[in-house]
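Analysis of the macromolecular model
The chain contents come next:
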Amino acid sequence: MIKDKVVVITGASSGMGAAAARHLAAKGANVVLGARRSDRIDALAAEITEAGGKAVAVTTDVTRREDLRTLVDTAVETYGRIDVLINNAGVMPLSPLDRLKIDEWDQMIDVNLKGVLYGIAAALPYMKAQKSGHIINLSSVAGHKLFGGSAVYSATKSGVRALSGGLREEVAADNIRVTIISPGAVKTELHDHISEKDIQQANREFAAKIAVPAETFDRLVASPSVNPRTSASTRSSSDRRPRNSDI
Ligand SMILES: NC(=O)c1ccc[n+]([C@@H]2O[C@H](COP(=O)([O-])OP(=O)(O)OC[C@H]3O[C@@H](n4cnc5c(N)ncnc54)[C@H](OP(=O)(O)O)[C@@H]3O)[C@@H](O)[C@H]2O)c1
């Protein structure tokens with residue numbers, strides 16, 4: 001069922017986005033890779049193509065709405081349509097609020113929340129015209145549960161839950177599905193960008209005990225793409241994770 005689907009993935013240069021791209025391309029999807037680090041996504045697109053898959057890379061900063069438009073437009077120009085948008089790009093520079101890392105608050109809101117909205121804005125007109133599509137947004141356990149030091153990150157990820165639920169209600173009649181995925185701890189580069197060294201160390205130690213490999217994300221992404229009727233996308237106003245989720 002994934003074969004020949006056109007899947008746009010933001011944050012495809014590392015971690016779960018890159019793992020999802022490899023997995024979906026190996027299953028026959030045409031993947032369109034967006035991230036700021038062009039060298040990484042160009043190399044990944046070349047790797048996928050050399051392995052017999054189909055991939056294009058488009059340098060994308062999700063805080064720039066025109067970049068998202070170019071990313072999605074490229075998918076449609078190259079492959080004729082967009083079936084799935086995975087709004088995966090995210091940042092997590094955790095710190096307690098009283099450290100006043102206000103630029104980092106702005107960055108989390110711009111990437112994690114506004115970036116998702118810009119992705120939706122770019123894809124929705126095409127999906128509505130097609131009368132089909134699937135938008136998968138990355139929330140987090142932190143979007144459901146609060147932890148000290150993650151107030152702003154949690155706010156962005158619970159914001160993703162809220163806007164996904166609202167969108168789901170609005171677009172169901174257009175045969176567009178909306179799913180959130182809420183991973184727990186996953187071994188990726190996400191912790192590398194925590195600027196407060198004590199917080200970074202504590203999170204690394206915690207993650208070392210419980211984090212699962214980024215490749216675990218494969219199944220989470222592939223399953224709702226293959227089988228949206230069994231995923232959270234069809235549970236109106238529901239945030240429950242897909243039944244086959246194991247993280
Ligand atoms: N790892 C976890 O434990 C965990 C748990 C729950 C949820 N999540 C969520 O999962 C998603 C993927 O994160 P990950 O764990 O795979 O971390 P990661 O390896 O750090 O990947 C994050 C991706 O986001 C991209 N990104 C960051 N800022 C961007 C921007 N302005 N424009 C475009 N792309 C941007 C990065 O690419 P460039 O730097 O090249 O732009 C990178 O590809 C995030 O939304 C994260 O919040 C992660």
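Higher on the page you've got the structure.
Residues numbered from 1 in each chain as written. Predicted model: local features only at pLDDT ≥ 70, side-chain atom pairs only at ≥ 80, totals over all residues.

1. Thoughts on the environment of Leu220
- On the secondary structure map, Leu220 appears in helix H7 (residues 217-226).
- Each C-alpha atom of the pair Leu220 and Pro183 lies 9.1 Å from the other, and the pair is 37 residues apart in sequence. (Helix = DSSP H or I, 4+ residues; strand = E, 2+ residues; numbered from the N terminus.)

2. Side note on the nonpolar core
- With 68 residues, the main nonpolar core has Val8, Ala21, Val31 and Leu33 as its most contacted residues.
- For this core, the element with the most residues is helix H4 (residues 102-130), which contributes 9 residues.
- If near-sequence neighbours (up to four positions away) are discounted, Leu33 is found in contact with Ile9, Ala12, Ala21, Ile41, Leu44, Ala45, Ala55 and Ala57. (Core = buried A, V, L, I, M, F, W, Y, C linked by C-beta atoms within 7 Å. Buried ≥ 20, exposed ≤ 12 C-beta atoms within 10 Å, placed from the backbone. Contact = placed C-beta atoms within 7 Å.)

3. A short note on the packing of helix H3 (residues 65-79) against H4
- At a minimum axis distance of 8 Å, the contact between H3 and H4 shows a crossing angle of 35°. Here the hand of the crossing between H3 and H4 comes out right-handed. Mapping the contact onto sequence places Arg65, Leu68, Arg69, Leu71, Val72 and Val76 in H3 and Tyr118, Gly119, Ala121, Ala122, Ala123 and Tyr126 in H4.
- A per-class count over the contact of H3 with H4 returns 9 nonpolar, 1 polar and 2 charged. (Axes fitted to C-alpha atoms, helices over the stretch in contact; angles between N-to-C directions. Left-handed = near helix turned anticlockwise from the far one by under 90°. Nonpolar A, V, L, I, M, F, W, Y, C, P; charged D, E, K, R; others polar.)

4. What about the sheet that holds strand E3 (residues 54-59)?
- Read from one edge of the open sheet, 6 strands run E3-E2-E1-E4-E5-E6, paired in parallel fashion. Only two strands of the sheet have a single neighbouring strand rather than two, namely E3 and strand E6 (176-181). With strand direction ignored, the average angle separating the axes of adjacent strands in the sheet is 15°.
- By the bridge criterion, 3 bridges tie strand E1 (residues 6-10) to strand E4 (residues 84-87) in an arrangement that is parallel. Along E4, the bridge assignment pairs Val8 with Leu85.
- Contacting E1, E4, strand E5 (133-138) and E6, H4 crosses the sheet at an angle of about 170° to E5. (Pairing = 2+ DSSP bridges.)

5. Re the pairing of E3
- Here strand E2 (residues 30-35) pairs with E3 via 6 bridges, running parallel. Of the residues in E3, the one forming a bridge with Val32 is Val56.
- Assessed by its sense of winding, the connection that carries the chain from E2 through helix H2 (residues 38-50) to E3 is right-handed. (Right-handed = clockwise from strand over helix to strand, strands pointing away.)

6. Here's the deal with the environment of Ala121
- Locating Ala121 in the fold gives a position in helix H4.
- Sequence separation between Ala121 and Arg65 is 56 residues, and the spatial gap between their C-alpha atoms is 8.4 Å.

7. Things to note about unusual backbone geometry
- Of note in this structure, Asp4 is not a glycine but carries a positive phi near 70°.
- Here Asp4 is to be found in the segment before E1.
- Asp4 sits in the exposed class, given 12 other C-beta atoms within 10 Å.
- In this structure, Asn175 takes a positive phi of about 65° despite not being glycine.

8. What to know about the site of the ligand
- Around the ligand, the structure places 30 residues, and the nearest of them are Gly11, Gly15, Arg36, Gly90 and Thr188.
- Partitioning the shell around the ligand into residue classes produces 13 nonpolar, 12 polar and 5 charged. (Near = placed C-beta within 6 Å.)

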